[in-house]
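The chain contents come next:
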Amino acid sequence: MYIPPPHLAQGKKSYTNAYNDILSAFRRSPQTSASSVILLVAPDVDSLCAARMLASLFKQDDVLYRIIPVSSVQELQSVKDELATYAELHTLLLVNMGNFIDLPTPEWFGEFDLGVSIHVIDSSRPRSMANLFYPGENGERVVLWDDGDAGKLVDLRKAWETLEFEPLPDSDDDSESEDELSDEGDVEEDGEDGEEDGEDDDARPANGKRKSTDGNGKARKRRKTQKPVYRVTRDEVYQYKQKLNKYYYAGTSYGQSAASTIYILATVLERVDNDLLWLAILGLTFQYTTARISRDTYEQQHTVYHDEVSRLNPIFSNTETSHSLNSLNPDDLSVRPTDELRFMLFRHWNLYDAMYHSSYVASKLGIWKEKGRKRLTGLLAKMGFSIPQTQQPYSHMDMDLKRALVKKLDDVAPEYGLVELSYPSFMRCYGYHSQPLSAADAVESINALMDFAGGARLEIEMEGHRHGGEWFGGGKLWEAVGYEKEITSAKSTMGTNGPENAQGNGNDDGDDEPVALEWWKKNFWSAYDSLTDIKRLREALRLAMAIHKSIIRQGTSIIDKQDIRTMRNHRVVVLTQGPDLVLFHHPGMLTRLALWLIDALRDRIPATVAVGRNKRRDLPFIVACLNESKGTYVVAGIMASPEFGDVRRNTFATNFLNASQATNTSIQHTSFNTNIVEIDEKDLKPFLEVLCA
Amino acid sequence: MALPVPLRDSVTPHELEMIASQQLIEIVPLIAMERTAFISGAYGPLRPPSKAKIPLWMAVNLKLKKKCHIIPPQWLSVEHLQDRLAQEVANPDAFSDLPFRFTEISKVLLDVASDDLENPDQIRTLLKDLREARQAKSREGLRHLDHSELGLTGLTSMEINEIRPFFVQSMSLLTKLARNTEATT
């Protein structure tokens with residue numbers, strides 16, 4: 001079942017009731033331990049923020065809880081098996097996962113004790129009908145926290161219920177309806193085995209039509225029951241199926257972020273403060289900067305948060321130059337509105353680098369060519385920034401230049417085609433601990449902490465070490481503070497055991513397995529810590545910059561080598577070599593590379609392809625990256641949008657499934673994003689051919 | 001324990017803090033509570049938005065769960081403390097009048113409820129200045145150390161606790177010396 005948000009509830013159950021149910025279940029159960037309330041959290045910034053907000057709400061209510069990070073559907077399966085053995089479990093909260101999985105079915109959580117309630121706070125759409133409308137106690141205990149969308153799905157509800165539970169005209173026995181049930185269930189599930197999809201559904205009404213007439217059906221039924229009355233006609237069945245298919249196969253998109261949902265809960269409970277507000281802002285900014293929601297949605301939500309900020313931080317109301325804000329006093333932890341520029345992390349390295357590495361500017365100016373770089377310096381010169389000034393770290397730039405930056409950009413940039421360079425956002429002060437940090441920068445550094453694949457070695461540039469710097473320093477390798485990488489220690493042991501090389505190799509391979517499983521969990525926890533530790537967050541900014549540099553490097557080399565093959569329906573890039581290949585094993589990084597390429601190529605039609613009748617600019621992108629150690633390719637499919645700031649629904653989930661079924665290959669989903677799959681090396685070519693045909 | 005040897009026989013600051021937390025303080029509750037019996041006594045009822053007096057330990061607990069707002073006591077304000085500081089500096093012989101447990105209470109309130117105070121950073125600097133001024137005066141008191149009596153009016157509990165072991169031991173030593181000199185004469 002789903003619960004509406006408080007402003008749409010009108011007396012029905014809503015977020016607060018669900019939350020109070022959790023509290024009362026916790027307080028009255030005799031066997032209460034740390035495993036009574038468990039949060040399963042997906043590894044992205046939005047769910048991290050939502051989990052943190054829930055954690056502080058629970059802590060204030062003296063509820064013991066446990067957070068378990070889960071990265072993919074397979075992992076969810078194994079965690080679920082483990083959870084089935086916990087006797088004292090009575091509340092499960094799934095954050096940013098579970099919308100598309102049939103939770104009440106026996107395959108997932110249907111077998112769990114009925115006292116266990118399952119709350120799903122997920123921003124991805126579409127949703128599985130079973131989660132929303134499953135009847136009975138089993139369905140009642142699965143609670144989806146909705147943001148107002150589910151109210152519009154009423155006609156789909158009728159369709160689904162009919163298909164599930166009514167005896168259908170073209171069924172030869174009762175087991176057919178069960179097939180329908182499993183059919184719907186299979187259609188939504190991400191799995192490795194080939195499953196039936198729309199083609200089978202279409203075949204069924206056809207079968208029904210080909211089957212004997214009603215007379216024969218009636219004759220059969222007369223043997224079992226007296227008077228069969230079909231309340232549904234075959235046409236209606238067909239229509240219902242079409243409706244459901246249209247809903248499911250329209251593609252994936254994102255609704256309200258999980259952090260916003262928890263923030264609404266906290267508002268109704270009247271327990272909001274600046275920390276919760278900041279985390280909710282981070283969730284929203286994450287959705288916008290990773291192109292999950294469009295500019296319009298972002299602006300709608302932004303106004304809501306703007307009001308909240310002024311409500312909770314009444315001191316600062318006049319808007320002066322927002323780029324040179326300082327904290328008012330040592331205890332100042334307030335949040336302030338500001339205008340954010342589209343340059344990546346521009347307050348933390350010099351202006352030239354920031355513009356160079358931003359995908360928007362890169363595409364408009366054509367940065368990867370020498371000519372483009374000249375244009376960039378030309379643009380900066382026109383704005384009145386001398387070259388040495390732009391090479392200075394931002395904090396050392398002249399004050400008047402900083403103040404004039406936004407204004408000058410708005411004046412000069414349209415000449416180069418750069419419009420809409422800024423968007424409204426927020427920043428947070430940290431007293432005298434450090435400079436104020438903007439929301440976009442915070443999202444970048446948390447994302448970097450989580451996306452950084454284990455085993456990759458990145459050089460981080462230290463401040464002042466450019467061009468040899470003071471101590472001839474280049475950079476130093478990134479080491480997560482407090483979380484040593486086992487790989488480096490394993491390598492060192494291998495070095496010391498000289499004569500026992502064979503054994504050392506064996507040990508290393510043995511160590512690799514548990515290390516490979518654990519690195520993303522370590523990243524998760526270090527990102528979780530950094531949400532409240534400003535020092536860690538600032539250190540991670542350097543990591544984010546290094547990651548950006550590597551993305552740019554890879555992207556420019558792809559464009560230079562013209563590695564992009566344009567097929568009829570898609571553009572394909574296959575990465576098999578490069579210095580930073582290990583980084584792109586992570587689905588998040590691969591997505592970012594794809595987004596960068598989309599932005600970079602938006603206005604440029606490759607000269608090698610003849611301009612056809614259909615708009616080439618809208619071609620979806622497929623990026624594949626080779627993972628040599630595992631012998632697989634990680635493939636990500638991203639939709640391209642014609643305008644910057646627009647998003648389209650992502651239909652790759654079904655495309656991938658169709659292709660894998662057609663070529664009889666097995667694909668695995670490595671994350672909860674259905675547009676990213678992992679496939680064997682040898683299967684890549686046939687898979688791509690079918691996909692793009 | 002991490003305290004130096006002379007302080008180990010006396011009360012630790014944490015214990016003093018706990019003793020001070022029994023004092024009643026005024027709050028504005030955000031939740032309702034009936035008159036409840038605790039070990040130290042019955043407190044309540046809490047009816048928002050009217051104020052209530054509850055012990056400091058309970059106020060701190062509620063504050064951490066965001067269930068109340070603490071109203072700082074009268075003397076924990078910038079004007080009051082500035083006033084006292086001026087008095088301290090003006091009279092080098094006497095201590096100004098401050099609540100007996102002001103150090104503990106102000107520490108607890110600054111840690112937990114600094115958003116309920118006005119200008120917490122200024123209060124912090126004023127408290128530090130007060131401490132230094134009074135410390136200078138107690139050091140002066142050393143000069144007047146006698147074997148029989150010593151008058152230091154207006155010292156607060158933390159300060160007393162600080163000097164107690166040393167003064168007690170030195171006074172007993174002085175008594176012994178005095179007895180010896182009397183015996184010999």
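The rules behind the values
Residues numbered from 1 in each chain as written. Chains lettered and ligands numbered in written order. Predicted model: local features only at pLDDT ≥ 70, side-chain atom pairs only at ≥ 80, totals over all residues. Heavy atoms only, no water. Contact = heavy atoms within 4.5 Å. Buried area = accessible area lost by both parts, 1.4 Å probe. Salt bridge = Lys/Arg side-chain N within 4 Å of Asp/Glu carboxyl O. Polar contact = N/O pair within 3.5 Å; in protein donor to acceptor, adjacent residues only side chain to side chain. Nonpolar A, V, L, I, M, F, W, Y, C, P; charged D, E, K, R; others polar. Helix = DSSP H or I, 4+ residues; strand = E, 2+ residues; numbered from the N terminus. Expected span 1.5 Å × (residues − 1). Buried < 20%, exposed > 50% of the residue type's maximum accessible area, 1.4 Å probe, protein only. Core = buried A, V, L, I, M, F, W, Y, C linked by side-chain atoms within 4.5 Å. Domains from an automatic or database assignment. Pairing = 2+ DSSP bridges. Axes fitted to C-alpha atoms, helices over the stretch in contact; angles between N-to-C directions.

*Asks:* Any chance you could explain the interface of chain A and chain B here in plain terms?
*Replies:* It is common to give the size of an interface as the accessible area that goes away when the parts come together. Contacts between the two partners involve eight residues from chain A, matched on the other side by seven residues from chain B. For the pair chain A and chain B, the summed buried area comes to about 640 Å², and 43% of that belongs to carbon and sulfur atoms. Connecting chain A to chain B are three salt bridges. With a shortest N-O distance of 3.6 Å, A:Asp61 and B:Lys67 are connected by a salt bridge. The tally of links between chain A and chain B comes to two residue pairs in polar contact (both at pLDDT 80 or more). Tallied by class, residues from the side of chain A that touches chain B come to one nonpolar, two polar and five charged.

*Asks:* Please clarify how helix α5 (residues 120–143) of chain B should be interpreted in this entry.
*Replies:* For an α-helix, the turn length of 3.6 residues means that residues three or four places apart are oriented alike. Residues and elements named next belong to chain B. An ideal rise of 1.5 Å per residue puts 34 Å on 24 residues; α5 measures up with 36 Å between its terminal C-alpha atoms. Residues Pro120, Ile123, Leu126, Leu127, Leu130, Ala133, Arg134, Lys137, Ser138 and Gly141 constitute the buried set of α5. On the buried face of α5, the contacting elements are α3 (78–90), α4 (102–112) and α6 (157–184).

*Asks:* Help me understand the nonpolar core in this model?
*Replies:* Here is a general trend for soluble globular proteins: nonpolar side chains tend to be buried in one another's company. Residue and element names in this part refer to chain A. Core analysis: the largest hydrophobic core is formed by 136 residues, its most contacted members being Phe58, Leu282, Phe343, Met355, Leu575 and Trp596. A total of 12 residues in this core trace back to one element, the largest contributor, which is helix α23 (residues 534–560). Summarising the domain contributions, this core has at least three residues from each of domain 1 (2–149) and domain 3 (562–693). Residues in contact with Phe343, not counting those within four places in the same chain, are Ala354, Met355, Ser358, Val361, Leu409 and Leu421. If you look at the next biggest cluster of nonpolar residues, it comprises 40 residues, including Ile38, Leu76, Leu103 and Val120.

*Asks:* What exactly am I supposed to notice about the pairing of strand β7 (residues 142–145) of chain A here?
*Replies:* Residues in a regular strand project their side chains so that they alternate between the two faces of the sheet. All names here are of chain A. Burial of the side chains of β7 extends over both faces: Val142 and Leu144 are buried on one face and Val143 and Trp145 on the other. Judged from the two bridges that link them, strand β1 (residues 2–3) and β7 form a sheet pairing that is parallel. By the bridge assignment for β7, Ile3 is matched with Trp145. Relative to β7, strand β5 (residues 117–121) runs parallel, the two being bridged by three bridges.

*Asks:* I would appreciate a short explanation of the sheet that holds strand β5 (residues 68–70) of chain B in the present structure.
*Replies:* Two orientations exist for strands paired in a sheet by backbone hydrogen bonds: parallel and antiparallel. All names here are of chain B. Reading across from one edge, β4-β1-β5 is the order of the three strands in this open sheet, with antiparallel pairing throughout. A strand with exactly one partner marks an edge of an open sheet, and here the two such strands are β4 (52–55) and β5. Taking each pair of neighbouring strands and ignoring which way they run, the sheet shows an average axis angle of 50°. Note: strand β1 (residues 24–29) against β5, three bridges, orientation antiparallel. Residue Val28 lies in a different strand from β5, and its bridge partner there is His69. Each of β1, β4 and β5 is contacted by helix α2 (residues 56–64), which is oriented at about 105° to β4, the strand it contacts most.

*Asks:* Honestly, the domain arrangement of chain B in this entry has me stumped. Any pointers?
*Replies:* Residue and element names in this part refer to chain B. The domain boundaries assigned to chain B delineate domain 1 (22–71) and domain 2 (73–174). Each of domain 1 and domain 2 was reduced to a C-alpha centroid, and the two centroids are 28 Å apart. Each partner contributes to the interface: domain 1 provides eight residues, whereas domain 2 provides nine residues. Of the roughly 740 Å² buried at the junction of domain 1 and domain 2 (both faces included), carbon and sulfur atoms supply 69%. Applying the counting criterion to the domain 1 and domain 2 interface returns two salt bridges. Where domain 1 packs against domain 2, one counts two residue pairs in polar contact (both at pLDDT 80 or more). Taken together, the elements giving at least two residues each to the side of domain 1 that touches domain 2 come down to α2 and β5. Ranked by the residues each element gives to the side of domain 1 that touches domain 2, the list is headed by α2, at three residues. For the side of domain 1 that touches domain 2, the residue count by class is five nonpolar, two polar and one charged.

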